[in-house]
Amino acid sequence: MSTSVAFEKARSDDRAALVGYLPAGFPDVDGSIAALEAMVAAGCDVIEVGLPYSDPVMDGPTIQAAAQQALEGGFRVRDVFRTVEAVAATGTPAVVMTYWNPVERYGVERFARDLAGAGGAGLITPDLTPDSDPHWPSAADAHDLDKVYLVAPSSTDERIAMTVAACRGFVYATAVMGVTGARTTTSELAEPLVARTKAATGLPVGVGLGVSTGDQAAEIAAYADAVIVGSAFVRTLLDHGDDRAGGLRALTVLTEDLADGVRRG
Amino acid sequence: MTDLTTAPASALTGAPTSYDADEQGWFGDFGGRFMPEALVAALDELTVAWREAVADPAFMAEFDAIQRDYAGTPSRLYDAERLTRRIGGARILLKREDLNHTGAHKIRNVLGQALLTKRMGKSRVIAETGAGQHGVASATAAAYFELDCTVYMGAVDTRRQALNVARMELLGAKVVPVESGSATLKDAINEAMRDWVASVDHTAYLFGTAAGPHPFPSMVRDFTRGIGDEAREQCLELTGRLPDAVAACVGGGSNAIGLFTAFLDDPEVRIYGFEPGGDGVETGRHAATIHAGDSGVLHGARTFVLQDEDGQTVESHSISAGLDYPGVGPQHAHLAKTGRAEYRPVTDAQSMDALALLARTEGIIPAIESAHALAGAFDVARELGPDATVLINLSGRGDKDMETAREWFALGEKTQEQV
């Protein structure tokens with residue numbers, strides 16, 4: 001199931017899509033599945049399932065803490081497929097966001113096969129650019145999976161053109177020069193980046209990094225096809241600690257606020 | 001006879017070798033660039049600036065002058081007669097990088113990168129450090145070139161190496177303890193990269209070893225290859241021929257690649273890298289990445305990595321903080337795979353024995369890192385016999401390691417009893 005289904009639906013509703021992220025295995029595997037199901041029920045159009053990794057150079061303290069908790073809790077790469085399967089069963093597309101080494105270690109072709117087998121839509125690869133490695137595009141194409149690469153405010157127009165040409169599903173535009181984490185104001189760099197990206201592709205363009213409120217989502221939804229939220233969801237669960245039910249309720253409230261935001265944009 | 005103190009033997013003019021990376025930074029199957037897109041423009045900019053700089057005679061003249069007048073290179077090649085007699089094998093020559101300013105080969109790399117930073121018009125540098133040697137060298141270069149400097153250091157290491165934290169602060173650098181992950185060198189690199197993503201427009205990342213994404217492995221090699229270029233010439237002058245073997249310790253591998261490069265296309269010269277074997281490779285407590293790791297991607301390059309079956313990085317162990325790293329420079333991975341260089345593990349205990357032996361026979365206290373090269377090369381010297389010559393890179397001095405040595409050898413206890 002490609003993410004394009006969800007983007008087409010949002011477009012037909014004349015609104016941006018809401019993409020929600022949580023790491024698999026956080027607070028534990030079943031807990032992450034319950035949280036993701038709550039996010040789907042409250043209005044996420046696409047789910048990003050993070051794959052916890054020991055050296056997450058693109059992540060700020062919030063997602064680092066969640067990934068570390070997942071790894072200390074015994075998370076295994078195969079658990080990501082069970083998580084994806086649960087999300088896909090709701091009818092909402094699930095993409096996996098992962099640093100490259102766990103995929104390479106698992107076997108690129110085998111990872112693509114197992115992800116497709118679990119009903120996954122594709123991969124977002126924060127430390128893999130289309131010119132890094134030729135194995136992923138061929139494996140993804142063989143299994144009909146989305147390839148979501150990142151563009152950044154520092155990307156040249158030439159690199160944006162090269163990157164979007166390699167993408168399938170959507171393009172991930174990083175709104176700030178920095179790592180993941182909630183920020184109080186939206187970035188001034190995002191809108192011009194989206195404009196440069198849209199000039200190079202007809203694919204949907206999602207904006208991530210730093211979005212945490214419905215008002216920020218509305219601002220971004222005015223010019224982007226999707227609003228991507230990660231750290232704010234993770235922070236909500238972290239703040240509730242062992243109070244799982246309270247965490248899920250807070251997650252629902254946050255998702256509803258963001259889903260309302262993408263409809264106001 | 002050439003006078004090496006005035007010869008214009010630029011460390012940057014060395015010839016290409018058969019083991020260099022291609023345009024994209026690939027050494028055969030290893031290297032490349034696995035990085036966030038946000039940093040690609042900066043890495044491209046750095047690649048262009050580095051290539052232009054090394055082709056610019058004015059830059060090279062300034063680089064050479066600073067290395068000579070400030071860092072104190074060329075370092076001497078010392079004919080270690082007492083050590084040779086004691087080991088009872090090949091003639092042993094020591095490349096005295098321990099006598100450079102700040103006490104190790106690291107100064108060569110940071111002066112090159114800091115000079116390039118000035119040329120690129122950036123005002124701030126960041127660095128990671130394990131034991132603190134690269135951090136101290138970076139803080140030194142930052143003071144010299146009037147750059148702001150922030151050094152990321154694992155919180156565990158800031159406690160193990162408190163004196164080096166003090167040195168960095170005295171030199172004007174800000175030291176940031178990193179608490180995430182295992183709170184050691186690999187996490188300091190992660191944190192420096194996170195800083196760099198957010199600061200790349202005005203900040204240069206002074207990478208401390210010949211690892212990481214392209215162009216760092218090749219650029220750091222270029223800035224450190226003076227070690228081997230000098231040693232090759234010095235050995236020819238002293239002995240009339242090339243050494244039969246060259247040896248260096250390998251953590252990330254900057255001092256080793258700095259030495260090896262000059263000899264890569266001399267097939268008669270055997271090349272040995274000695275990896276930190278910790279408590280012994282069989283115990284699992286080691287950092288012998290080439291010997292016991294598997295191909296993977298860490299810190300922006302494909303190389304050998306200590307990792308579990310899920311590709312999560314495994315914590316390394318070595319008595320030497322400067323070698324305690326679960327990855328290795330990609331050119332070393334390539335040299336190992338092609339068989340051009342041989343990499344062997346050396347344990348903590350073997351290294352400490354070699355450290356004490358050099359102290360007693362030659363009156364030189366080496367860094368524990370360099371003691372790994374000594375211990376491994378002693379075996380090579382015995383294998384090759386008295387007609388051969390073995391050239392060892394004494395990459396750093398041991399002052400920073402005195403606390404470890406004091407505990408290991410129970411030094412000072414008899415004196416304490418007498419008092």
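Residues numbered from 1 in each chain as written. Chains lettered and ligands numbered in written order. Predicted model: local features only at pLDDT ≥ 70, side-chain atom pairs only at ≥ 80, totals over all residues.

Below, the discussion takes up the sheet that holds strand 7 (residues 174-178) of chain B. Residues and elements named next belong to chain B. Reading across the sheet, the four strands line up as 7-6-5-8 and stay open at both edges, with parallel pairing between neighbours. The two strands at the open ends of the sheet, each matched to only one other strand, are strand 7 and strand 8 (203-205). The mean angle between the axes of side-by-side strands here comes to 25°, regardless of whether they run parallel or antiparallel. Two elements, strand 6 (residues 148-154) and strand 7, share five bridges in a ladder whose sense is parallel. (Pairing = 2+ DSSP bridges. Helix = DSSP H or I, 4+ residues; strand = E, 2+ residues; numbered from the N terminus. Axes fitted to C-alpha atoms, helices over the stretch in contact; angles between N-to-C directions.)

According to UniProt, the feature "domain: Tryptophan synthase beta chain-like PALP" (unreviewed entry) maps to residues 72-396 of chain B in the numbering used here. From the first C-alpha to the last, residues 72-396 of chain B spans 14 Å; its make-up is 43% helix and 20% strand. (UniProt positions renumbered as here; feature names shortened; annotations may be inferred.)

Moving on to the interface of chain B and chain A. In this assembly, 27 residues from chain B lie in contact with 32 residues from chain A. Secondary-structure elements contributing two or more residues to the side of chain B that touches chain A are helix 1 (37-54), helix 8 (185-199) and strand 11 (294-298) of chain B. It is helix 8 of chain B that provides the largest number of residues to the side of chain B that touches chain A, a total of six residues. (Contact = placed C-beta atoms within 7 Å.)

Another aspect to go through is the UniProt feature "modified residue: N6-(pyridoxal phosphate)lysine" (unreviewed entry) in chain B. All names here are of chain B. As annotated in UniProt, the feature "modified residue: N6-(pyridoxal phosphate)lysine" (unreviewed entry) corresponds to Lys106 in the numbering used here. Position of Lys106 relative to the elements: it lies in helix 4 (residues 106-119). The class for Lys106 is buried, based on 29 C-beta atoms found within 10 Å. The residues touching Lys106, leaving out its near neighbours within four places in the chain, are Gln133, His134 and Ala137. (Buried ≥ 20, exposed ≤ 12 C-beta atoms within 10 Å, placed from the backbone.)

So, about the pairing of strand 10 (residues 270-278) of chain B. Regular strands place their side chains on alternate faces of the sheet. All names here are of chain B. Within strand 10, eight of the nine residues are buried, leaving the element largely enclosed by the surrounding structure. The sheet contact formed by strand 9 (residues 245-249) and strand 10 spans five bridges and is parallel. Within strand 10, the residue paired with Ala247 across the bridge is Tyr272. Once you follow strand 9 into helix 11 (residues 254-260) and on to strand 10, the crossover reads as right-handed. (Right-handed = clockwise from strand over helix to strand, strands pointing away.)

Time to look at the nonpolar core. Val227 of chain A together with Ala247 of chain B are the most contacted members of the largest nonpolar core, which totals 225 residues. The element best represented in this core is helix 1 of chain B, accounting for 10 residues. Two domains each provide a minimum of three residues to this core, namely domain 1 (26-71 + 106-220) and domain 2 (77-102 + 225-409) of chain B. Residues within four places of Ala247 of chain B in sequence aside, it is in contact with Tyr272, Phe274, Ala373, Gly376, Ala377, Val380, Val390 and Ile392 of chain B. (Core = buried A, V, L, I, M, F, W, Y, C linked by C-beta atoms within 7 Å. Domains from an automatic or database assignment.)

The next subject is the UniProt feature "active site" (unreviewed entry) in chain A. All names here are of chain A. Listed under "active site" (unreviewed entry) in the UniProt record, and renumbered for this structure, are Glu48 and Asp59. One can find Glu48 in strand 2 (residues 46-50). Excluding residues within four positions of it along the chain, Glu48 makes contact with Val19, Gly20, Tyr21, Val95, Met97 and Ile124. With respect to the helices and strands, the residue Asp59 is situated in the loop between strand 2 and helix 3 (61-72). In contact with Asp59, other than residues within four places in its own chain, are Gln64, Val179 and Thr180.

Another point: the packing of helix 2 (residues 57-71) of chain B against helix 4 of chain B. All names here are of chain B. It is the contact of helix 2 with helix 4, at a shortest axis distance of 10 Å, that shows an interaxial angle of 140°. By the angle class used here, helix 2 and helix 4 are oblique. Relative to helix 4, the crossing made by helix 2 is right-handed. Counting all contacts with helix 2, which are made through Phe59, Glu62, Phe63, Ile66, Gln67 and Ala71, the residues of helix 4 involved are Ile107, Arg108, Leu111, Gly112, Leu115 and Arg119. Looking at the contact of helix 2 with helix 4 residue by residue, the classes come out as seven nonpolar, two polar and three charged. (Parallel < 35°, antiparallel > 145°, perpendicular 65-115°, else oblique. Left-handed = near helix turned anticlockwise from the far one by under 90°. Nonpolar A, V, L, I, M, F, W, Y, C, P; charged D, E, K, R; others polar.)

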